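A closer look at the structure
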Amino acid sequence: MKSKQWFTPVRFSHLTKHAGVGAVVRDQNDLLIFVKDTSTWPLKYLTKLHAVERVKRHLEITSDLMLPPQASIDGDSNLKIKGGTIPTLRFPNWTRCDNCNVLYFKPWANTNADISQKITCSSCSKGSLSQVTWCAVSSHGDLMDVPWHYICHRKSNTAAQQQCRHNTHEAYLKLELNERGRWEIHCKKCKATEQIDGTDFHHNTHKQPGLTERKPVGVDQITYTVMEVNDPRVFSAMSERALVIPPESNVDKESLVYKLMQQSQLVAAIKGAKRNLQKQREKKKAMRELKCTEEELFAALNEIDRDKSANNISFDDITSADMISDEFEALTTEQEFSSNADFITTHLTGEWQSYLQSIAESDGIRIESNLVDKLVAVNRLRVIEVYKGFQRAASDVDEFDPIPTVNPDFTGSIGWLPAVELFGEGIFFTLNHTCLEKWEEQALIRLRASEIETRYQDSEIALPDEATPTSRFILLHTIAHAFIRELETLAGYPAASLQERIYSSSEGKMAGILIYTAVPDIAGSLGGIVGQAKPSRFMRLLDAVFRQIEWCSMDPVCNDIEGQGPSWLNRAACHGCVLIPDTSCSYNNVFLDRVFIKGKPEEGIPPLREFVSK
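Residues numbered from 1 in each chain as written. Predicted model: local features only at pLDDT ≥ 70, side-chain atom pairs only at ≥ 80, totals over all residues. Heavy atoms only, no water.

1. Considering the confidence of the model for the protein
- The predicted model of the protein has a mean per-residue pLDDT of 87, with 92% of residues at 70 or higher.
- Contacts for the low-pLDDT stretch residues 307-313, under 50 throughout, to residues beyond four places or in other chains number 13 contacts. (pLDDT = per-residue confidence, 0-100. Contact = heavy atoms within 4.5 Å.)

Right under this line is the structure:
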């Protein structure tokens, strides 16, 4: 192992979130590291995703989608790596002594210490050096080290301070807390002092760690704001998800054609061979790896060339607006699936209706149970999550609409985006469209929804197109959150491991909820969610959901409040009732209101149960 190199494991799913390109994360050695852009990733270890053309059309993507590189570490002392790794670098480059508070720039560059060893301060010989936790960001998506010398001296009022020169090889700056608990930067040479919290400065270039400067286009100066690296404004990942549905989910992954498409390096090597002997060697290599005959290999190569593989289905008429409706149709349509398909459903609607009839005369059965129209167990699903880039927000963020998104390729020289595959299972159910139509006709319900819609239009929050704050969407979204919270209690799934997908449209007659769990492993989960779709268990879950919605430990405040949450986009919804972890909600934990289900008779808003017929 090189003394300046270390390897840190990271989950695939984190590479499209908090550990994506452009993020600053803390590694296993407690070092802050910057994840470098995709132009630096090892191309030979990337795998192209196939059978995702519909997903790409839905998400308005023309680039190829590539799985990040995978690697394993040998257990010996040399820590040899098998496979490819994602490059990172240490950032911020400044360190601070934990004893005397003196700053050093890249002290590791002049030491032979192993990367996991602490560096001793040369000024006091007592303290250890740790990276500062401050950086500077711009709303253009830029990130750079804080120019400590400039910040400290920019308000110089003496000749000595004005003549003090920057020198990264000299330890003369100190970063420490003052008597008021505010961070200040001090110069030991000229006694200049300046507070740093929320400090702005201007720079005339774009910056990213490890990259040379590049001139901005159409901007004279860029505003940078000094903030801590764990500030949520420093990095916001921009990723989108879509389900893989038939016909692409039915692609036979055991076929030689699909396996050959997954081994794009083999195909490229065979087609790129210029000499006969070289081509024969590459063919034999492919035959060994794929365990096939020469005739089978030729047949598969010809099928790929003729564009007749299952991956090359034409989706010319698909638009991004069709994504939700296409998924809804796939979930509500009964069909047969092969055993190795990526999308398998079991329709339990008949069993559900029979179960409702069998308990119709039982006491304590909530009438809301009759609202559920279709019940489907999603035995297997495949979700593609694409990392489209990231955003940062400086103090001038209000001047940007929208905030610029930085592509994961800083150079603009590659034609692909990183993506991950998630496999799992779920429960899907729909609500009776006729009942909802009658409920939506109520003037007070429409008025309550329109108030949230007005607030949304005036806010800076941007949500997916399908997240429109109609009364139907708010109702479905609130029920979905209650389901996730109850699944955590009844099925033992942590709420953070569950995801929601809302299918809402009055015109398209959609009113469906998909609750699922998905992980970056083809094994998916173990059937715990699907098991809850059994009618008797689903009834118990449904009953608990509606009981939860009726009461909150924060009532009457939660029930009567005019607005809460970001931009007041929630009404009767708080952490005591229906809010869930942000990672589980696809819509920023907004557009939630329990009153849409339980009603508010004192204000003339009837409960949902009044519109449900047996």
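Resuming the write-up.
2. Concerning the side chain of Asp-142
- Secondary-structure assignment places Asp-142 in the loop between strand 12 (134-138) and strand 13 (143-144).
- Residue classification places Asp-142 among the buried positions, given a relative accessible area of 1%.
- Among the polar contacts listed, one links the side chain of Asp-142 to the side chain of Ser-138, at a separation of 2.6 Å.
- Within the structure, Asp-142 has its side chain in polar contact with the side chain of His-206 (distance 2.9 Å). (Helix = DSSP H or I, 4+ residues; strand = E, 2+ residues; numbered from the N terminus. Buried < 20%, exposed > 50% of the residue type's maximum accessible area, 1.4 Å probe, protein only. Polar contact = N/O pair within 3.5 Å; in protein donor to acceptor, adjacent residues only side chain to side chain.)

3. Description of a negative patch on the surface
- Together, Asp-398, Glu-399, Asp-401 and Glu-460 make up a region of like negative charge exposed at the surface.
- With respect to the secondary-structure elements, Asp-398 resides in the loop between strand 21 (372-391) and strand 22 (416-431).
- For Asp-398, a relative accessible area of 59% puts it in the exposed group. (Patch = residues over 30% accessible without salt bridge, like charges linked within 9 Å, V, L, I, M, F, W, Y side chains within 5 Å. Areas by Shrake-Rupley, 256 points an atom, 1.4 Å probe, with all protein chains shown as cover. Salt bridge = Lys/Arg side-chain N within 4 Å of Asp/Glu carboxyl O. Lys, Arg positive; Asp, Glu negative; His and termini not counted. Charge placed at Lys NZ, Arg CZ, Asp CG, Glu CD.)

4. Focus on the environment of Arg-96
- Structurally, Arg-96 can be placed in strand 8 (residues 94-97).
- The class of Arg-96 is partly exposed, set by a relative accessible area of 23%.
- On a C-alpha basis, the gap between Arg-96 and Gln-357 in space is 71 Å, while along the polypeptide they are 261 residues apart.
- A distance of 2.8 Å separates a polar side-chain atom of Arg-96 from the backbone oxygen of Leu-175.

5. Some words on the pattern of salt bridges
- Inspection of every chain in the model, using the stated rule, returns 24 salt bridges.
- Glu-53 serves as the salt-bridge partner of Lys-56, at 3.3 Å between the closest nitrogen and oxygen. In this pair, Lys-56 and Glu-53 are both assigned in helix 1 (residues 53-58), three residues apart and thus about one turn of the helix distant.
- Relative accessible area serves as the criterion here: at 25%, Glu-53 is assigned to the partly exposed category.

6. Considerations on the packing of helix 9 (residues 349-358) against helix 14 (residues 535-550)
- Remark: helix 9 packs on helix 14, axes separated minimally by 9 Å, with the N-to-C direction vectors making an angle of 70 degrees. Considered as vectors, helix 9 and helix 14 are oriented roughly perpendicular to each other. In the packing of helix 9 onto helix 14, the handedness of the crossing is right-handed. Contacts between helix 9 and helix 14 involve Glu-351, Trp-352, Tyr-355 and Leu-356 from the first element and Pro-535, Ser-536, Phe-538, Met-539 and Leu-542 from the second. (Axes fitted to C-alpha atoms, helices over the stretch in contact; angles between N-to-C directions. Parallel < 35°, antiparallel > 145°, perpendicular 65-115°, else oblique. Left-handed = near helix turned anticlockwise from the far one by under 90°.)

7. Considering the environment of Cys-121
- With respect to the secondary-structure elements, Cys-121 resides in the loop between strand 10 (119-120) and strand 11 (128-131).
- Spatially, the C-alpha atoms of Cys-121 and Asp-98 are 8.7 Å apart, while their sequence positions differ by 23 residues.
- In this structure, Cys-121 is in contact with Cys-97, Cys-100, Tyr-104, Lys-126, Gly-127 and Leu-129, ignoring residues within four places of it in sequence.

8. Concerning the packing of aromatic side chains
- With the rule as written, the count across this model stands at 21 aromatic pairs.
- With centroids separated by 5.7 Å and ring planes inclined at 35 degrees, the aromatic side chains of Phe-235 and Phe-390 adopt a geometry described as tilted. Taken together, the positions of Phe-235 in the loop between strand 18 (222-228) and strand 19 (236-243) and Phe-390 in strand 21 put the pair 155 residues apart, joining distant regions of the chain. Each member of the pair, Phe-235 together with Phe-390, is buried.
- Between Phe-428 and Tyr-503 the ring centres are 5.9 Å apart and the planes differ by 85 degrees, which places this aromatic pair in the edge-to-face class. Placement of Phe-428 in strand 22 and of Tyr-503 in strand 23 (residues 499-505) is noted, with a sequence separation of 75 residues between them.
- Aromatic ring contacts, followed pair by pair, group Trp-352, Tyr-355, Phe-429, Phe-483 and Phe-538 into a single cluster.
- One residue, Lys-189, lies across the ring of Tyr-172, its end atom 4.2 Å from the ring centre. (Phe/Tyr/Trp six-rings, centres within 6.5 Å; stacked < 30°, edge-to-face > 60°. Lys NZ or Arg CZ within 6 Å of the ring centre and 35° of its normal.)

9. Focus on unusual backbone geometry
- Following Asp-401, the chain continues into Pro-402 via a peptide bond in cis, with omega recorded as 0 degrees.
- Its location among the elements puts Pro-402 in the loop between strand 21 and strand 22.
- Geometrically, the link from Asp-555 to Pro-556 is a cis peptide bond, its omega value of 10 degrees lying close to zero.
- Here Pro-556 is to be found in the loop between helix 14 and helix 15 (557-560).
- Of note, the phi angle at Asn-101 is positive, near 70 degrees, even though the residue is not glycine.
- With respect to the element layout, Asn-101 can be found in the loop between strand 8 and strand 9 (103-105).
- Exposure remark for Asn-101: the relative accessible area of 13% places this residue in the buried category.

10. Examining the sheet that holds strand 18
- Ordered in space as 13-12-18-17, the four strands form an open sheet in which the pairing is antiparallel. Each edge of the open sheet carries a strand with a single partner, namely strand 13 and strand 17 (200-203).
- Bridge count between strand 12 and strand 18: five bridges; the pairing is antiparallel. Note on strand 18: the bridge partner recorded for Cys-135 is Met-227. (Pairing = 2+ DSSP bridges.)

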